Structure formats: structure tokens, C-alpha cells
Amino acid sequence: MSVTLATGGVFLVGGQASVVRANLDRSDWREAGSVTGWVAATVVVAATAGAVAWLATHHGPAAPDQAADGPSMDIPEGQRLVWLSRTSNPWLQTTSAITGLVALAAVVAAVGGLAGPLPALILMAPFALASVLVLGCASVQARVSEEGLKVSFGPLGWPARRWAVQDIESARVEQRTPAQVGGWGYRLSGLGTTVMLRRGECLVIRAKSKDFAVSVDDAERGAALLNSLGAKSPR
């Protein structure tokens, strides 16, 4: 997420600067100068910013090879248990709505003749992309069943990540903060992958020697069910 924001932010600012420069002292957008050189420079700077953001979030000690034993529960014979938990971040949802409105305003301006097609497209594209990406990380739902763990993103529950019960080595609960994992949203750090929508308890699983965490309520019960299902499932 930080890589996307850094790259998109620099590209957005650079693109807008290129458009403003090309249209400076022009009475009609058709008389605007070329923006090719400025756009090329912006792409280079944006790529550099993205690389720096990637390096900044991929740091810290690697997660331990063996995870601590997590909670467990008794599953009555013949019963099938399912655990569900959902979390959303209102600040990310608001950000998605604002960027979406800016993209819509650019379209309206182009249709109404208030702006040329090219300037409108340059303004709309990054804001529309940012709106979709942020909305996809603004809410999450975790589901534990006999099939394993499914983590769905966004209001439509797509995309989603799945882990089969037999692939999950262990499940536990950890208290994590945005500062520990590098911010909000979908984060990569020395702690592994974390979906951070609110500080506090996270459901953490270890699968294929890698940790994945998601900040949801009632994480202990979800971890307990996963561990109990895993104990009954052949590896």
C-alpha cells in the first residue's frame, strides 16, 4: 500500500505540474505545449519514490521460524463450527469517497466542456485508481471453517485470500499497532503480512513458514477454531 501511495502520489503531483506548465499563459487548451518530457521525468521520479517506499517497509528482523502455541477449543463430535469477523476503517472509506468524487468531477468537467479531454484524463485516472485501491483495503472479513481461513477485502468481498486447514501450521493472537507494521491497510514488514485496519488484537496464522495477520475482533476464538480444526486434519 505504501508503494502504491508513494508512486501514485508523486505521479499525480508531477502530472498536474506538467499540465499546469503546458497550459500556462494559454487561452485555449488546444494551444498547450507538449508534456512528454515532464511526464517521462515524473515517471522516473515516481518509480524512484516507489522503490524507496518498498525498501522502507521491507525491514526489521525476520519472523521466528517457530510460532508460539496458540489457543484451542473443543469441537463437539458431529458439529461443524464457523467463525466470522469483520472490521472496517472509516478514515480509509472517507479517503476513498473523496478521491472518487475528484475523479467524477474531472469526468463532469470534461463532459461539460470546462476542461479538455487530456487534462481531465490525467486528473481522473490517478484519483480513480486511488479510490478503488483504498476502498479495497478499507474493510476486511475473516471466515474460519472446516475449509480453512478466508480473508475477503472490500465491500464486495473481492479479492480474497484463502488458506486450507492442512496448510496452516498454527494460529495465535497478537497485539499490533500501525507503527509496528508500517501504517494502515495491507502492509509488508519484518512481522510478515498484516492487514491493519485498527490497532489491537490480530488473528495471526503461520503457513508455509510465513506469517499473515489481520486485525479483527474476537481473534482469539478464530485462532482457537483454526488450531482445533488443524489438529484433526491430516497434514
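Visitor: Explain the overall build of the protein here, please?
Guide: Within the protein one finds six helices and nine strands. Across the 235 residues of the protein, 38% fall into the buried class. When contacts within the protein are restricted to residue pairs at least 6 apart in sequence, long-range pairs at least 24 apart make up 62% of them. By element, 63% of the accessible surface of the protein is carried by carbon and sulfur atoms, the whole surface being about 13200 Å².

Visitor: For this particular structure, what's the right way to read the side chain of S96?
Guide: Summarising the element assignment, S96 is placed in helix 3 (residues 90–111). Those residues in contact with S96 that lie beyond four places of it in its chain are S131, V134 and L135.

Visitor: Where do I start with the sheet that holds strand 1 (residues 83–88) in this structure?
Guide: The pairing of strands in a sheet happens through backbone hydrogen bonds and is either parallel or antiparallel. Taken in spatial order, the four strands make up an open sheet running 1-2-3-4, and their pairing is antiparallel. Every other strand in the sheet has two partners, leaving strand 1 and strand 4 (160–163) as the edge strands with one partner each. With direction set aside, neighbouring strand axes in the sheet form an average angle of 10 degrees.

Visitor: What is the right way to read the confidence of the model for the protein from this model?
Guide: Interpreting fine coordinate detail is not advised for predicted regions of low pLDDT. Scored by pLDDT, the protein comes out at a mean of 78, with 70% of its residues at no less than 70. Here residues 41–46 scores under 50 on pLDDT; set against residues more than four positions off or in separate chains, the count is ten contacts. Under a pLDDT of 50 for its full length, residues 52–68 has, in the predicted model, 24 contacts with residues more than four places off or in other chains.

Visitor: I keep staring at the environment of V140 and nothing clicks. Help me out?
Guide: In this structure, V140 sits in strand 2 (residues 139–145). Take V140: its relative accessible area is 0%, and that puts it in the buried class. Taking the C-alpha atoms as reference points, V140 and L197, separated by 57 residues in sequence, lie 8.2 Å from one another. The residues touching V140, leaving out its near neighbours within four places in the chain, are S85, R86, T87, V151, S152, F153, V195, L197, V214 and V216.

Visitor: Quick question: what am I supposed to make of the pattern of salt bridges here?
Guide: For side chains bearing opposite charge, pairing can occur when the charged atoms are close. In the structure shown here, the tally under the stated rule is seven salt bridges. Between R172 and D211 there is a salt bridge whose closest N-O contact spans 2.9 Å. Of the two residues, R172 sits in strand 5 (residues 168–176) while D211 sits in strand 9 (residues 210–214), which places them 39 residues apart along the sequence. Owing to a relative accessible area of 7%, D211 belongs among the buried residues under this scheme. Here R176 makes a salt bridge to E174, at a shortest N to O gap of 2.9 Å. Assessed through its relative accessible area of 23%, E174 is described here as partly exposed. Several salt bridges share partner residues, and in doing so they unite R172, E174, R176, R206 and D211 into one network.

Visitor: When you look at the sheet that holds strand 5 in this model, what are you seeing that I'm missing?
Guide: The strand order across the open sheet formed by five strands is 5-8-9-7-6, and the pairing between neighbours is mixed. Each edge of the sheet is formed by a strand with only one pairing partner; in this case those strands are strand 5 and strand 6 (185–189). Strand-to-strand, the axes of this sheet are offset by a mean angle of 20 degrees, without reference to chain direction. By the bridge criterion, three bridges tie strand 7 (residues 192–196) to strand 9 in an arrangement that is parallel.

Visitor: Help me understand helix 3, please; the structure alone is not making it clear to me.
Guide: An α-helical turn contains 3.6 residues, so any two residues separated by three or four positions project in the same direction. With 22 residues, helix 3 should reach 32 Å at 1.5 Å per residue; the first-to-last C-alpha distance of 31 Å fits that figure. By the burial criterion, the buried members of helix 3 are L92, S96, T99, A103, A106 and A109. Buried residues of helix 3, seen end-on, are gathered within an arc of 155 degrees and therefore sit on one face of the element. For helix 3, the exposed residues set more than 90 degrees away from the buried face come down to P90, L101, V108 and V111. The inward-facing, buried residues of helix 3 contact helix 4 (117–136). Of the residues flanking the start of helix 3, the one acting as N-cap is N89, its side-chain oxygen 2.9 Å from the backbone nitrogen of W91. Note on helix 3: the residue one or two positions beyond its end, G113, has a positive phi of about 80 degrees.

Cut-offs used in this document
- Residues numbered from 1 in each chain as written.
- Predicted model: local features only at pLDDT ≥ 70, side-chain atom pairs only at ≥ 80, totals over all residues.
- Heavy atoms only, no water.
- Helix = DSSP H or I, 4+ residues; strand = E, 2+ residues; numbered from the N terminus.
- Buried < 20%, exposed > 50% of the residue type's maximum accessible area, 1.4 Å probe, protein only.
- Contact = heavy atoms within 4.5 Å.
- Areas by Shrake-Rupley, 256 points an atom, 1.4 Å probe, with all protein chains shown as cover.
- Pairing = 2+ DSSP bridges.
- Axes fitted to C-alpha atoms, helices over the stretch in contact; angles between N-to-C directions.
- pLDDT = per-residue confidence, 0-100.
- Salt bridge = Lys/Arg side-chain N within 4 Å of Asp/Glu carboxyl O.
- Expected span 1.5 Å × (residues − 1).
- Arc of directions from axis to C-beta.
- Polar contact = N/O pair within 3.5 Å; in protein donor to acceptor, adjacent residues only side chain to side chain.

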